[in-house]
Amino acid sequence: CGYCNEFDKTSKPVPLETLRRVVDKLHELGTITLELTGGEPLLNPHTVEVLRYARERGIPRRRMISNGFLLTREIIEQLNDIGLYQLSISVDGVEANDTTEKVLNQLRKRLPLLEQHAKFRVQLGAVLGSTNASDATAVVDYAHAHGFHTNLNILHDADGQLKLPPAALAGRQVPLLTCLA
């Protein structure tokens, strides 16, 4: 998606020793939460090791934002073992379209693995601007029905500008915001 920037399929992963030095510096600065984002952090072969190292260094909260596509029971167990605090998954709608595949119907085989095995907090984020109000509501309803937490994200471009359609900016989709509150 346009708002992600790291750990893609073409960039070389940052070396593990460099990532450890970053964690050391964050620990030295008193960081209490380390959140791995991306692109997709699970494309980086060092993700679990970095989170483990952060735990060993005493960073109390370790979080990650993922698209969820690479989740397996084995990875979930590894994340349990390192004491992941929270996994957030952005969900851009219900059905795949020309813009995105990060949708509920693509995640339906991964989300039950989280429901059954994750010992950490799982949060699904409905992305307003990449989907319509009905789809965003469906994402929230699915999350609540399966014991996940929710949040509302607003899609923006590389300049930080809102990408909401004019109807949403005019307040015509206020019921969505009400149902997500």
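If you're wondering where the values come from, they're calculated on a predicted model, not measured in any experiment. (Residues numbered from 1 in each chain as written. Predicted model: local features only at pLDDT ≥ 70, side-chain atom pairs only at ≥ 80, totals over all residues. Heavy atoms only, no water.)

1. Observations regarding the overall build of the chain
For the chain, the count of helices and strands is 8 helices and 5 strands. Reading the helices (α) and strands (β) of the chain from amino to carboxyl end gives α-β-α-β-α-β-α-α-β-α-β-α-α. The buried share of the chain, reckoned over its 181 residues, is 38%. Within the chain, contacts between residues separated by at least 24 positions form 71% of all contacts whose residues are at least 6 apart in sequence. Entry remark: accessible area of the chain is about 9900 Å², with carbon and sulfur atoms responsible for 50%. (Helix = DSSP H or I, 4+ residues; strand = E, 2+ residues; numbered from the N terminus. Buried < 20%, exposed > 50% of the residue type's maximum accessible area, 1.4 Å probe, protein only. Contact = heavy atoms within 4.5 Å. Areas by Shrake-Rupley, 256 points an atom, 1.4 Å probe, with all protein chains shown as cover.)

2. Examining the pattern of salt bridges
Counting across every chain of the model gives 8 salt bridges. Residues Asp92 and Lys102 are paired through a salt bridge, measuring 3.9 Å at the closest nitrogen-oxygen approach. Of the two residues, Asp92 is situated in the loop between β3 (86-91) and α4 (104-107) and Lys102 in the loop between β3 and α4; the sequence distance between them amounts to 10 residues. Pair check on accessibility: Asp92 and Lys102 agree, each one buried. (Salt bridge = Lys/Arg side-chain N within 4 Å of Asp/Glu carboxyl O.)

3. Considering the confidence of the model for the chain
Taken residue by residue, the chain gives an average pLDDT of 83. The fraction at 70 or more is 78%. Helix α3 (residues 73-81) holds the highest mean pLDDT among the elements of the chain, 98, whereas helix α8 (residues 174-180) holds the lowest, 41. Long-range and interchain partners of residues 171-181, a stretch whose pLDDT sits below 50, account for 14 contacts in this model, where long-range means more than four residues apart. (pLDDT = per-residue confidence, 0-100.)

4. Some thoughts on the packing of aromatic side chains
This model, assessed by the stated rule, comprises 0 aromatic pairs. Positioned above the aromatic ring of Tyr53 is the side chain of Arg20, whose terminal nitrogen or guanidinium carbon lies 5.4 Å from the ring centre. For Arg61, the ring lying beneath its charged end belongs to Tyr85, and the centroid distance is 4.1 Å. (Phe/Tyr/Trp six-rings, centres within 6.5 Å; stacked < 30°, edge-to-face > 60°. Lys NZ or Arg CZ within 6 Å of the ring centre and 35° of its normal.)

5. A closer look at helix α2 (residues 47-57)
For α2, the full list of buried residues reads Thr47, Val48, Val50, Leu51, Tyr53 and Ala54. Where α2 is buried, its residues contact α1 (16-28), β1 (33-36), β2 (61-66) and α3. Following α2 by one or two positions, Gly58 adopts a phi angle in the positive range, close to 95 degrees.

6. Quick notes on the sheet that holds strand β5 (residues 149-154)
What the 5 strands build is an open sheet, ordered β1-β2-β3-β4-β5; its pairing is parallel. Both edges of this open sheet fall to β1 and β5, since each of them pairs with a single strand only. Between one strand axis and the next, the sheet turns by 25 degrees as a mean value, whatever way the strands run. Where β2 lies against β3, 4 bridges are found, and the strand directions are parallel. Across the sheet, Arg63 pairs through a bridge with Gln86, a residue of β3. (Pairing = 2+ DSSP bridges. Axes fitted to C-alpha atoms, helices over the stretch in contact; angles between N-to-C directions.)

7. What about the packing of α1 against α2?
Two elements in contact, α1 and α2, have axes whose closest approach is 10 Å; the angle formed by their N-to-C orientations is 30 degrees. Taken together, α1 and α2 sit at an angle that is classed as roughly parallel. Here α1 and α2 pass one another in a crossing that is right-handed. In this structure, α1 contributes Leu16, Leu19, Arg20, Val23, Asp24 and His27 to the contact, and α2 contributes Glu49, Val50, Tyr53, Ala54 and Arg57. For the contact of α1 with α2, the per-class residue count stands at 6 nonpolar, 1 polar and 4 charged. (Parallel < 35°, antiparallel > 145°, perpendicular 65-115°, else oblique. Left-handed = near helix turned anticlockwise from the far one by under 90°. Nonpolar A, V, L, I, M, F, W, Y, C, P; charged D, E, K, R; others polar.)

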